[in-house]
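Spelled out from the first residue to the last, the chains are:
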Amino acid sequence: METGWKADLPADMGINAILVVPQRFEHFEEPSAYAEKMLGYDNAGRCCYYQHAYTITRDVLDDEDNFYEEASYHEILTAWLLDSGQWLCRTTSRVGMGHCRNPAAPPRYELAQSRPR
């Protein structure tokens, strides 16, 4: 996951002035499911930052009839609470991460009325 909570913000939006700034963070991880989540909270204890990342894998048979696990889908969703009460959400995903090494799709930005879950 990204180390800086503002790392994925679009530079050209001038959005920094309208973000609710987190003061503390909680991190949750489930290594066996290749998943993690981070929540950020403001001074009042309100959640104002959200990020999850997960990877879906599949079993693949190689040329020597051995199975191995290969990542087939990866997603990172990051969301920031705006002063307006809306959430700015950024989603990036990558499909077919195995032998083809497909590039990640361009990030998608959207406004939501509630925090992603």
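Fair warning: this is a prediction, and the values are worked out from it, not measured in the lab. In this convention, every chain numbers its residues from 1, walking through the sequence in written order. Owing to the predicted nature of the model, reporting of local features is limited to residues with pLDDT of at least 70; listing and counting of side-chain atom pairs is limited to 80 or more, with chain, interface and lining totals taken over all residues. Think of the side-chain values as coming from all heavy atoms in the structure, minus any hydrogens and water.

(A) Examining the packing of aromatic side chains more closely. For Phe, Tyr and Trp, where Trp contributes only its six-membered ring, two rings pair if their centres lie within 6.5 Å, and the inter-plane angle classes them as stacked under 30 degrees, edge-to-face over 60, or tilted in between. What the rule picks out here adds up to three aromatic pairs. Ring centres of Phe 25 and Tyr 49 lie 5.9 Å apart, and the angle between their planes is 80 degrees; on these two criteria the pair is classed as edge-to-face. Pair noted here: Phe 25 is in strand S1 (residues 24–30) and Tyr 49 is in strand S3 (residues 47–61), with a separation of 24 residues, a long-range link. Note on Tyr 54 and Tyr 73: the rings are 6.0 Å apart at their centroids and 45 degrees apart in plane angle, and the pair reads as tilted. Strands here are runs of E lasting at least two residues and helices are runs of H or I lasting at least four, both read from the DSSP assignment and numbered beginning at the N terminus.

(B) Here's a closer look at the pattern of salt bridges. Only one rule defines a salt bridge in this text: a Lys or Arg side-chain nitrogen within 4 Å of an Asp or Glu carboxyl oxygen. Inspection of every chain in the model, using the stated rule, returns three salt bridges. As a salt-bridge pair, Asp 42 and Arg 46 come within 3.0 Å of each other at their nearest N and O atoms. A salt bridge links Glu 70 to Arg 58, with the shortest nitrogen-to-oxygen separation between them at 2.7 Å. Highlighted residues: Glu 70 in strand S4 (residues 67–81) and Arg 58 in strand S3, separated in sequence by twelve residues. Only protein chains enter the accessibility calculation, which uses a 1.4 Å probe; a residue whose area is less than 20% of its type maximum is buried, one above 50% is exposed, and one in between is partly exposed. Looking at Glu 70, the relative accessible area reads 7%, which means it is buried. Its relative accessible area of 47% is what places Arg 58 among the partly exposed residues.

(C) A look at the nonpolar core. Among buried residues, the Ala, Val, Leu, Ile, Met, Phe, Trp, Tyr and Cys ones that are joined through side-chain atoms within 4.5 Å form a nonpolar core. Among the nonpolar cores identified, the biggest contains eleven residues, and these are Val 20, Leu 39, Tyr 41, Cys 47, Cys 48, Tyr 50, Leu 77, Ala 79, Leu 81, Trp 87 and Cys 89. Contacts are assigned to residue pairs with any non-hydrogen atoms lying within 4.5 Å of each other. With residues near it in sequence (within four places) discarded, Ala 79 still touches Cys 48, Tyr 49, Tyr 50, Trp 87, Leu 88, Cys 89 and Pro 116.

(D) Layout of the sheet that holds S1. Strand pairing is assigned whenever DSSP identifies at least 2 bridges connecting the two strands. Here six strands make up an open sheet; going across it, the order is S1-S2-S3-S4-S5-S6 and the pairing antiparallel. The open sheet has two edge strands, S1 and strand S6 (108–112), and neither has a second partner. Direction aside, the axes of adjacent strands within the sheet are offset by 15 degrees on average. Pairing of S3 with S4, which is carried by 13 bridges, proceeds in the antiparallel orientation. In the strand pairing of S4, Arg 58 is matched with Glu 70. Simply put, an axis is a line fit to the C-alpha atoms, just over the touching stretch for a helix, and the angle between two N-to-C directions goes from 0 to 180 degrees.

(E) Main features of the environment of Glu 75. Within the secondary structure layout, Glu 75 lies in strand S4. Put simply, Glu 75 and Thr 92 are 17 residues apart on the chain and 5.7 Å apart in space, counted from C-alpha to C-alpha. What Glu 75 contacts, discounting residues up to four positions off in sequence, is His 52, Ala 53, Tyr 54, Thr 91, Thr 92 and Ser 93. Think of a polar contact as two N or O atoms within 3.5 Å of one another; within protein, one of them needs to be a possible hydrogen donor and the other a possible acceptor, and neighboring residues in sequence only count if both atoms come from side chains. A polar side-chain atom of Glu 75 sits 3.0 Å from a polar atom in the side chain of Tyr 73.

(F) Region of the structure containing the pairing of S1. Inspection of the sheet shows S1 paired to strand S2 (residues 35–41) by seven bridges, in the antiparallel sense. Pairing of Phe 28 across the sheet is with Lys 37, part of S2. Connecting the antiparallel pair S1 and S2 is a turn made up of four residues, with Tyr 34 showing a positive phi of about 50 degrees.

(G) Structural detail: unusual backbone geometry. With phi around 50 degrees, Tyr 34 is a residue other than glycine that occupies positive phi space. By the element assignment, Tyr 34 lies in the loop between S1 and S2. By relative accessible area, which is 39% here, Tyr 34 ends up partly exposed. The phi dihedral of Asp 65 falls on the positive side, at around 60 degrees, and the residue is not glycine. Topologically, Asp 65 is positioned in the loop between S3 and S4.

These results come straight from atomic positions and should not be treated as a statement about function.
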